[in-house]
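For reference, the chains in residue letters:
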Amino acid sequence: KKVEYKNFPMVPRVVFGNGSFDQLGTILMAKRKNSEAPFIFLVDDVFEGKELPYRIPTMFNDRIVFISADEEPKTNQVDVLVQKIRDDFSEIPSGIVGIGGGTIMDLAKAVSIMMNNEGSSYEYQGWDLVKKPSIYHVGIPTISGTGAEVSRTTVLLGPERKLGINSDYTTFDQVVLDPDLTKGVSKEQWFYTGMDCFIHCVESLNGTYLNAFSQSYGEKAYELCKEVFLDGLGETESRDKLMMASWHGGMSIAYSQVGVAHAMSYGLSYLLGVKHGIGNCLVFQYLEEFYPEGVALFKIMQEKHQIELPKGICANLSEDEFETMISVAMGMEPLWENALGKEWRKTITPAKLKSIYEKI
Ligand code: NAD
Ligand code: ZN
């Protein structure tokens, strides 16, 4: 049987540099269809009342929509946003711009897909189910680590599962990397989202799907994470490097897959709404048997930055709740196969996962 290699899309345009956000007006100008076709800016509401919204280059009937990142994106939330845009404007927008972390960038990706596709966004959760190209969309990260700025997925919580819309139309048409935008992030959140990147690297580099393409990006991102979290760089250099680590970490998993921490973190998130970054950390600290070197390094970084992870998250769960979490985690088959090979079910049993969840 002939091997089918993935032919995957990359972000075709990217700007990098402190202050590059101020070029957004020029970038969008070339993509404006007419004065009736607005740009919709989805902006993390942490910036409401701050300076950033005043720097957004709105024109004509453009609209800024502030969105809370307290909860991760949901299919229903995407559908409501799309309907509102359809109701409020006579034309399909010129484009969607997401300004925020993984939560807001994923929403921007999903909304841009659904502007051109029928039905509800949950119908497109999965692989290559999107039929028509998305409208033009731009990603502008304000916190570094998820790699959502480069990936071909948008992870949504749907009625039945938490799963990405993985498609060639998901990837951004333009990304603006302005490390200065990440200035206001708290130390804890910086660590959690930064560790998402570190864990992407560990899972990709130690996975059975590894290949030279993924390895080249994964090793670079791993190195940058070590510099950022262990070497005590100056603030500007640290922000610059973490933004590029996120990019490379995302590129690394694009051509391989994540692993044990992500599979188990999806379970936590589905049942308890635990957010991606902290969820990964909560799981990863107990994965020394799968990733000994990565977990040892993680603990040194955690100690250095005095990050205390919450305890007792799974202390009062019922048997049913454990079962739900375990079945969500075990459903992530490609992740397990990447982590442990085709025979993964020999190592990973419900009892095994329960014993790890019980520690969290
Ligand atoms: P996030 O977007 O939820 O943001 C975390 C917190 O940081 C929020 O409270 C937000 O308001 C705050 N914040 C962001 N920028 C800030 C700034 N400059 N100053 C102050 N506060 C700021 O978190 P995240 O970790 O970036 O993203 C997590 C989401 O990304 C999850 O929904 C996850 O599923 C998704 N994700 C997607 C991919 C992908 O490839 N599409 C990959 C990994 C994770
Ligand atoms: Zn992740």
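Everything that follows concerns the structure shown earlier in this document.
Conventions we followed
Residues numbered from 1 in each chain as written. Chains lettered and ligands numbered in written order. Predicted model: local features only at pLDDT ≥ 70, side-chain atom pairs only at ≥ 80, totals over all residues. Core = buried A, V, L, I, M, F, W, Y, C linked by C-beta atoms within 7 Å. Buried ≥ 20, exposed ≤ 12 C-beta atoms within 10 Å, placed from the backbone. Helix = DSSP H or I, 4+ residues; strand = E, 2+ residues; numbered from the N terminus. Domains from an automatic or database assignment. Contact = placed C-beta atoms within 7 Å. Axes fitted to C-alpha atoms, helices over the stretch in contact; angles between N-to-C directions. Parallel < 35°, antiparallel > 145°, perpendicular 65-115°, else oblique. Left-handed = near helix turned anticlockwise from the far one by under 90°. Nonpolar A, V, L, I, M, F, W, Y, C, P; charged D, E, K, R; others polar. Near = placed C-beta within 6 Å.

Engineer: Sorry, what's going on with the nonpolar core here?
Structural biologist: Here is a general trend for soluble globular proteins: nonpolar side chains tend to be buried in one another's company. Core analysis: the largest hydrophobic core is formed by 102 residues, its most contacted members being Leu42, Val97, Val111, Cys225 and Ala329. The biggest single contributor to this core is helix H4 (residues 187-205), with 10 residues. The residues that make up this core include at least three from each of domain 1 (14-182) and domain 2 (187-357). When sequence neighbours within four positions are dropped, the list of residues in contact with Val111 reads Leu42, Val78, Leu81, Val82 and Ile96.

Engineer: Can you walk me through the packing of helix H7 (residues 260-272) against helix H8 (residues 276-284) in this structure?
Structural biologist: A pair of packed helices can be characterised by two numbers: the angle between their axes and the separation between those axes. Contact geometry of H7 with H8 gives a least axis separation of 8 Å together with a crossing angle of 120°. The orientation of H7 with respect to H8, classified from their angle, is oblique. The handedness of the crossing between H7 and H8 comes out as right-handed. Note on element contacts: H8 touches H7 through His276, Gly279, Asn280, Leu282, Val283 and Phe284, opposite Ala261, His262, Met264, Ser265, Leu268 and Ser269. Of the residues belonging to the contact of H7 with H8, the class tally is 6 nonpolar, 6 polar and no charged.

Engineer: What exactly am I supposed to notice about the site of ligand 1 here?
Structural biologist: Surveying the vicinity of ligand 1 reveals 31 residues, the closest of which are Gly101, Gly102, Thr103, Ser151 and Gly184. Elements that contribute at least two residues to the shell around ligand 1 include exactly helix H3 (102-114), H4 and H8. Considering each element in turn, the shell around ligand 1 owes the most residues, 4 residues, to H3. Per-class residue counts for the shell around ligand 1 are 9 nonpolar, 17 polar and 5 charged.

Honestly, it's all geometry; don't read function into it.
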